[in-house]
Structure formats: C-alpha cells, structure tokens
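This is what each chain is made of:
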Amino acid sequence: MRRAELEDALAPELVTAVTGARRRALRDDDRQVDTAHLLHSVLEADPETAAAFEDAGQRARVLGYLVQRSIGYGLRWQGSVEDTGAGLPVPRGDQGAAAGWSPAAAAALAGAFERAAVRGERRVRGLDLLAALAADPANRAGEVLRRAGVEPGELALRIGLPSQQV
C-alpha cells in the first residue's frame, strides 16, 4: 500500500498521528517508525484514543514515559529494530520495514486495519491502532504502557480487542 492509499484509508486523526510518528522517528534519529512512536502520536492527535485510558493521570504517565524517550528512557532502542509482532499478521508489500516501519509497527497497523474491517468500517481510527498496539505486550508500546502502570491486555480488552498471549 502506497503512502497516499494508506492515508486515504485512515481517519483524519490517524493520518495526523502517522505523520507525527514519522517526524518523531526522524527527530529521534531512528531508522524506523516503531510502536512507541505510534503510541505517542496517536495519544496526542486523537482525543477519542486518549480517552480510552482509565483516567487523565494514567494517560499523563504514559505520555511522560514517551516524552522521556529522547532524553534517556528508550535510548537503548536507538539504532535497533523492533521486531516482535507477537503473532499479528505481517503486512505484505511496501507497508513493512522496507518502507520505514519496524516489523512490530507494521503488524500493529495491519491489526488496526483488521479491526476496522471487522467493524465494517472503511477507515481505520485511532482506537483501532491503540487496540492493536496493546494486543502485542512485547512491543515497545507495550513496554511503555507497563512502565506507566497500564496493563496492555486490560487496555486491549477495554477497547474491544482480546490481547494475545506471548
């Protein structure tokens, strides 16, 4: 799927989030957009997704860890490839790592598309992406969530996608 096709398939808030994740990856000097970049951007760009957390304090803790990525937390990720995917389908074609996405981020995006299709929606929303990110507790977004006191499996269940066991 080409960039223009991808953006046509995303709700406007999610287009903003994906664009923001790409900017974050470039700014952080990361080779690929990873799941933490996606989590950070979707929480900032989509109020519906941000509201999926139990309370504002929980959301603030998650954002706090994500902000710390560039000043210490997460520096060990720099220059490495996030490759979990925990059983989520790996997208075909140029949606994957070759297009600047980590395998786990590409798998999360594919999971978001599947969730939207199950709902009968043409466009993927931020909650679809958050559910897919939380469904793989071994990815970087899952690590950030756990460190902030959010159990990824519980978050996935709360927004309607059963988590997968790793």
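Description of the structure in this document. Keep in mind the model is a prediction, meaning the values are calculated, not measured.

## Observations concerning the overall build of the chain
Assigned secondary structure in the chain consists of nine helices and zero strands. Starting at the N terminus and walking to the C terminus, you meet the elements of the chain as α-α-α-α-α-α-α-α-α. Classification of the 166 residues of the chain by burial places 50% in the buried group. Considering only contacts in the chain between residues 6 or more positions apart, those separated by 24 or more positions represent 63%.

## Describing unusual backbone geometry
The residue Asp-29 is not glycine, and still its phi comes out positive at about 60°. Structurally, the position occupied by Asp-29 is in the loop between helix 2 (12-27) and helix 3 (35-45). Judged by relative accessible area, Asp-29 falls into the exposed class, the value being 60%.

## Observations concerning the nonpolar core
In this structure, Leu-39, Val-62 and Trp-101 are the most contacted members of the largest nonpolar core, which totals 40 residues. For this core, the elements supplying multiple residues, two or more each, are helix 2, helix 3, helix 5 (56-68), helix 6 (103-118), helix 7 (126-135), helix 8 (140-147) and helix 9 (152-158). Top element by residues in this core is helix 7. It accounts for seven residues. Those residues within four positions of Leu-39 in sequence are excluded, and the remaining contacts are Val-62, Leu-66, Leu-130, Leu-133, Ala-141, Val-144 and Leu-145.

## Remarks on the pattern of salt bridges
One pass over the structure, following the stated rule, counts eight salt bridges. Across the salt bridge formed by Glu-48 and Arg-125, the nearest N and O atoms sit 3.1 Å from each other. Of this pair, Glu-48 sits in helix 4 (residues 47-50) while Arg-125 sits in the loop between helix 6 and helix 7; the two residues are 77 residues apart in sequence, bridging distant segments of the chain. Between Arg-147 and Glu-143 there is a salt bridge, with its nearest N and O atoms 3.3 Å apart. Remark: Glu-143 and Arg-147 occur in helix 8; sequence separation between them is four residues, near one turn of the helix.

## Observations concerning the packing of helix 5 against helix 8
Relative to each other, helix 5 and helix 8 sit at 125°, their axes nearing to 8 Å. Between helix 5 and helix 8, the crossing angle belongs to the class labelled oblique. In the crossing of helix 5 with helix 8, the sense of the turn from one axis to the other is right-handed. Taking contact as the criterion, the partners of Val-62, Tyr-65 and Leu-66 in helix 5 are, on helix 8, Val-144, Leu-145 and Arg-147.

## A look at helix 3
When you tally the buried positions in helix 3, you get nine out of 11 residues, the bulk of the element. Restricting attention to buried positions, one finds in helix 3 the residues Thr-35, Ala-36, His-37, Leu-38, Leu-39, His-40, Ser-41, Val-42 and Leu-43. In this structure, the buried residues of helix 3 make contact with helix 2, helix 4, helix 5, helix 6, helix 7 and helix 8. Looking at where helix 3 begins, the residue whose side-chain oxygen comes 2.9 Å from the main-chain nitrogen of Ala-36 is Asp-34.

## Concerning the packing of helix 3 against helix 8
Any two packed helices are characterised by the angle at which their axes cross and by the distance between the axes. At a closest axis distance of 6 Å, the pairing of helix 3 and helix 8 adopts a crossing angle of 60°. Taken together, the axes of helix 3 and helix 8 are oblique relative to one another. Residue-level inspection shows Thr-35, Ala-36 and Leu-39 of helix 3 in contact with helix 8, the latter providing Arg-140, Ala-141, Val-144 and Leu-145.

## Considerations on helix 8
The buried count for helix 8 comes to six of eight residues, which makes it a mostly enclosed element. Taken residue by residue, helix 8 has Arg-140, Ala-141, Gly-142, Glu-143, Val-144 and Leu-145 as its buried positions. On its buried face, helix 8 sits against helix 3, helix 5, helix 7 and helix 9. Between the side-chain oxygen at the start of helix 8 and the backbone nitrogen of Ala-141 there is a gap of 3.1 Å, and the oxygen is on Asn-139. In the segment just after helix 8, Gly-149 is the residue with positive phi, at about 85°.

Thresholds, definitions, all that
- Residues numbered from 1 in each chain as written.
- Predicted model: local features only at pLDDT ≥ 70, side-chain atom pairs only at ≥ 80, totals over all residues.
- Heavy atoms only, no water.
- Helix = DSSP H or I, 4+ residues; strand = E, 2+ residues; numbered from the N terminus.
- Buried < 20%, exposed > 50% of the residue type's maximum accessible area, 1.4 Å probe, protein only.
- Contact = heavy atoms within 4.5 Å.
- Core = buried A, V, L, I, M, F, W, Y, C linked by side-chain atoms within 4.5 Å.
- Salt bridge = Lys/Arg side-chain N within 4 Å of Asp/Glu carboxyl O.
- Axes fitted to C-alpha atoms, helices over the stretch in contact; angles between N-to-C directions.
- Parallel < 35°, antiparallel > 145°, perpendicular 65-115°, else oblique.
- Left-handed = near helix turned anticlockwise from the far one by under 90°.
- Polar contact = N/O pair within 3.5 Å; in protein donor to acceptor, adjacent residues only side chain to side chain.

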